[in-house]
Amino acid sequence: MIRPNTYKNWRTIQPVCKRLPKSLPRYKLFSNFLLKHSLATKMASLAEHSLPETYTGLQFHSASSPPTLTALPTPVPTAGTVIVKPLYSIIVQYANEIFTNGNPRGYKYPLPLVPGGACIARVAAVPPDATKLKPGQLVFVELTVRARDDPNVKILRGFHEGYSEGTRRLMGGEWRNGCWATYSTAPLENAHVLDENILLRNLGYKIEELGSLSQLVVPYGGLADVDLKPGETVLIAPATGSFSSAAVHVALAMGARVVAMGRNETALAELKKLAEPGRVETVKISGDVQEDINALARFGPLDVYFDISPRPASKSSHIKAGIMSLRPGGRMSLMGGIPGDIDIPYWHVSYNGITIKGTFMNTIQQAKELVKLVERGVLKIGSRAGMKVAGKFRLEDWEEALKAAAAEGGPGRSVYFIPNGE
């Protein structure tokens, strides 16, 4: 019997091949040898890290057919790749518009696919180049994956592969399957260690409450990029969605006064309760630019305008009104999902030296900074901040989970898959 760990290369096994019947092609022997060697090596690695041979993933083959719970080969922790056990994998409010109902949002992704990009997880196995991560640690795994040889190539793992050859290659290979599964890979740099002693014991959070990090980290990227300072006034418009309402929490933690703008008056009223009087002001979007400008003028010239408009909002009155309300030297952060163009008041921007800064998600360093804000008690999350876990579902209950996310998800409300139970 040829044992894979005995024969290292073709030169070693060649004498053995010469003793075999001539009817057996030597290349076939070599091919079989390599296959057995690879399988044996992987099995040894799985056993070394106490990992199962397979894991269960919620795999989609089409946006027009139901997914299946599929047994997939468990990956091993190669250099730069950590293996995690997802505990709370967020389901975005519009997931049913990406993976079911024919994908009306038109997101691009390879099939078959296990979705899910961000989660709170336990480290299951670490690669040989890990110096800080250890098995069993609690981590926040962020959504955005960046190419290591070109950080400008970025994907939303498990959601969107982007539009270039580089982004498609990035998502089509190593980072294809996400965390709607019992195990998942993650780039080593994307797994941020959470201090359980501080977060769970000292601050008294539940692990499920930490899931809001996936929503909070996105607006932090945009607000940090325009250098929001303590004492400044920031307009957040619109402010009543999942990520935009998270921006209100983040801006308050950064020491700013917030003007929250939106159409949902009930949601605006809830946002006003987040801080002491005068820290959060609210304005309803009227649909008329001048009326919106007049309403914003009550709170003085704005230092920063943070825009995270949804896809249909390109003609909404709040965009131009927000720009026109910025002080000379003011800054605008564009983080929304509008696929087309918007109108810019050209002369107002140039004459007043206004900076418009686009941001896609966040950097790795910004994710670390956000975690520190929470660990230091500066950024409050969970029930004490008015946030609520609106639903927790096992993978087999995917249909109910996606419906709940669409119906119950929203400002301060999150729905999760719990792939490994609680």
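About the thresholds
- Residues numbered from 1 in each chain as written.
- Predicted model: local features only at pLDDT ≥ 70, side-chain atom pairs only at ≥ 80, totals over all residues.
- Heavy atoms only, no water.
- Helix = DSSP H or I, 4+ residues; strand = E, 2+ residues; numbered from the N terminus.
- Buried < 20%, exposed > 50% of the residue type's maximum accessible area, 1.4 Å probe, protein only.
- Contact = heavy atoms within 4.5 Å.
- Areas by Shrake-Rupley, 256 points an atom, 1.4 Å probe, with all protein chains shown as cover.
- Core = buried A, V, L, I, M, F, W, Y, C linked by side-chain atoms within 4.5 Å.
- Salt bridge = Lys/Arg side-chain N within 4 Å of Asp/Glu carboxyl O.
- Expected span 1.5 Å × (residues − 1).
- Phe/Tyr/Trp six-rings, centres within 6.5 Å; stacked < 30°, edge-to-face > 60°.
- Lys NZ or Arg CZ within 6 Å of the ring centre and 35° of its normal.
- Axes fitted to C-alpha atoms, helices over the stretch in contact; angles between N-to-C directions.
- Parallel < 35°, antiparallel > 145°, perpendicular 65-115°, else oblique.
- Left-handed = near helix turned anticlockwise from the far one by under 90°.
- Nonpolar A, V, L, I, M, F, W, Y, C, P; charged D, E, K, R; others polar.
- Pairing = 2+ DSSP bridges.

1. Observations concerning the overall build of the protein
Then, in step 1: Scanning the protein from terminus to terminus reveals 12 helices and 17 strands.
Then, in step 2: Among the 422 residues that make up the protein, the fraction classed as buried is 52%.
Then, in step 3: Put simply, of all contacts in the protein between residues at least 6 apart along the chain, 70% involve residues at least 24 apart.
Then, in step 4: A total accessible area of about 19600 Å² is found for the protein, and carbon and sulfur atoms account for 52% of it.

2. A look at the nonpolar core
Then, in step 1: Counting residues in each nonpolar core, the largest one holds 94 residues, and the members touching the most others are Trp 180, Val 234 and Phe 417.
Then, in step 2: No other element matches helix H6 (residues 242-253), which puts 7 residues into this core.
Then, in step 3: When sequence neighbours within four positions are dropped, the list of residues in contact with Val 234 reads Leu 223, Leu 228, Ala 251, Ala 256, Arg 257, Val 258, Val 259, Val 304 and Phe 306.
Then, in step 4: Of all hydrophobic cores here, the second largest spans 19 residues; its members include Ala 237, Ala 295, Leu 302 and Ile 354.

3. Focus on the pattern of salt bridges
Then, in step 1: Under the counting rule described, the total for this entry stands at 18 salt bridges.
Then, in step 2: Notably, a salt bridge pairs Glu 276 with Arg 279, separated by 3.5 Å at the nearest N-O pair.
Then, in step 3: What makes Arg 279 partly exposed here is its relative accessible area of 21%.
Then, in step 4: One salt bridge in this structure joins Arg 413 and Glu 408, with 2.9 Å as the shortest N-O distance.
Then, in step 5: Residues joined by salt bridges that share partners form a network here, namely Glu 232, Asp 303, Arg 327 and Arg 331.

4. Thoughts on helix H5 (residues 213-225)
Then, in step 1: If you check H5, its first and last C-alpha atoms are 18 Å apart, about what 13 residues at 1.5 Å a residue would give, namely 18 Å.
Then, in step 2: A large share of H5 lies buried, amounting to 11 of its 13 residues.
Then, in step 3: Within H5, the full set of buried residues consists of Leu 213, Ser 214, Gln 215, Leu 216, Val 217, Val 218, Pro 219, Tyr 220, Gly 221, Gly 222 and Leu 223.

5. What about the packing of aromatic side chains?
Then, in step 1: Within the structure shown, the criterion is met by 10 aromatic pairs.
Then, in step 2: Their ring planes at 85° and their centres at 6.4 Å tell us that Phe 159 and Trp 180 sit as a pair that is edge-to-face. With a gap of 21 residues between them, Phe 159 in the loop between strand E7 (150-156) and helix H3 (165-172) and Trp 180 in the loop between H3 and strand E8 (184-187) connect regions that are remote in the sequence. For the residue pair Phe 159 and Trp 180, the accessibility class agrees, reading buried in each case.
Then, in step 3: In this structure an aromatic cluster arises from ring pairing among Phe 60, Phe 99, Tyr 109, Phe 159, Trp 180, Trp 398 and Phe 417.
Then, in step 4: Note that Arg 105 overlies the ring of Tyr 94, its terminal NZ or CZ placed 4.0 Å from the centroid.

6. Side note on the environment of Ser 245
Then, in step 1: Note on placement: Ser 245 falls in helix H6.
Then, in step 2: Expressed as a C-alpha distance, the spacing of Ser 245 and Leu 216, which sit 29 residues apart in the sequence, is 9.0 Å.

7. Thoughts on helix H11 (residues 364-375)
Then, in step 1: Here H11 spans 17 Å end to end across 12 residues, near enough to the 16 Å set by a 1.5 Å rise per residue.
Then, in step 2: Among all positions in H11, only Gln 366, Ala 367, Leu 370, Val 371, Leu 373, Val 374 and Glu 375 are buried.
Then, in step 3: For H11, the secondary structure elements touched by its buried residues are strand E5 (138-141), strand E9 (191-193), helix H4 (196-202), H5 and H6.

8. Topic: the packing of H5 against H11
Then, in step 1: Where H5 meets H11, the closest approach of the two axes is 9 Å, and the angle between their N-to-C directions is 115°. By the criterion of interaxial angle, the relationship of H5 to H11 is roughly perpendicular. The two elements H5 and H11 cross, and the hand of that crossing is right-handed. Counted together, Leu 213, Leu 216, Val 217, Tyr 220, Gly 221, Ala 224 and Asp 225 of H5 and Gln 366, Ala 367, Glu 369, Leu 370, Leu 373 and Val 374 of H11 form the full contact between these two elements.

9. Some remarks on the packing of helix H8 (residues 289-296) against helix H9 (residues 317-324)
Then, in step 1: Running from N to C, H8 and H9 cross one another at 45°; their axes reach a closest spacing of 8 Å. What the angle tells us is that H8 and H9 run oblique. Here H8 runs over H9; the crossing is right-handed. Touching Val 289, Asp 292, Ile 293 and Leu 296 of H8 are Ser 317, His 318, Lys 320, Ala 321, Gly 322 and Met 324, all from H9.
Then, in step 2: In the contact of H8 with H9, the residues fall into 5 nonpolar, 3 polar and 2 charged.

10. Some words on the environment of Trp 398
Then, in step 1: With respect to the element layout, Trp 398 can be found in helix H12 (residues 398-408).
Then, in step 2: We classify Trp 398 as buried; its relative accessible area is 16%.
Then, in step 3: With 332 residues separating them in the primary sequence, Trp 398 and Pro 66 have C-alpha atoms 9.3 Å apart.
Then, in step 4: In contact with Trp 398, not counting residues within four places along its chain, are Leu 58, Pro 66, Pro 67, Thr 100 and Phe 417.

11. Considerations on the sheet that holds strand E15 (residues 355-358)
Then, in step 1: Read from one edge of the open sheet, 6 strands run E12-E11-E10-E13-E14-E15, paired in parallel fashion. A strand with exactly one partner marks an edge of an open sheet, and here the two such strands are strand E12 (280-284) and E15. Recorded for the sheet is a direction-independent mean angle of 20° between the axes of neighbouring strands.
Then, in step 2: Of the strand pairs in this sheet, strand E11 (residues 257-262) and E12 are connected by 5 bridges, and their pairing is parallel. Within E12, the position partnered with Met 261 by the bridge is Val 283.
Then, in step 3: Strands strand E10 (233-237), E11, E12 and strand E13 (302-307) of the sheet are contacted by H6, whose axis makes an angle of about 170° with E10.

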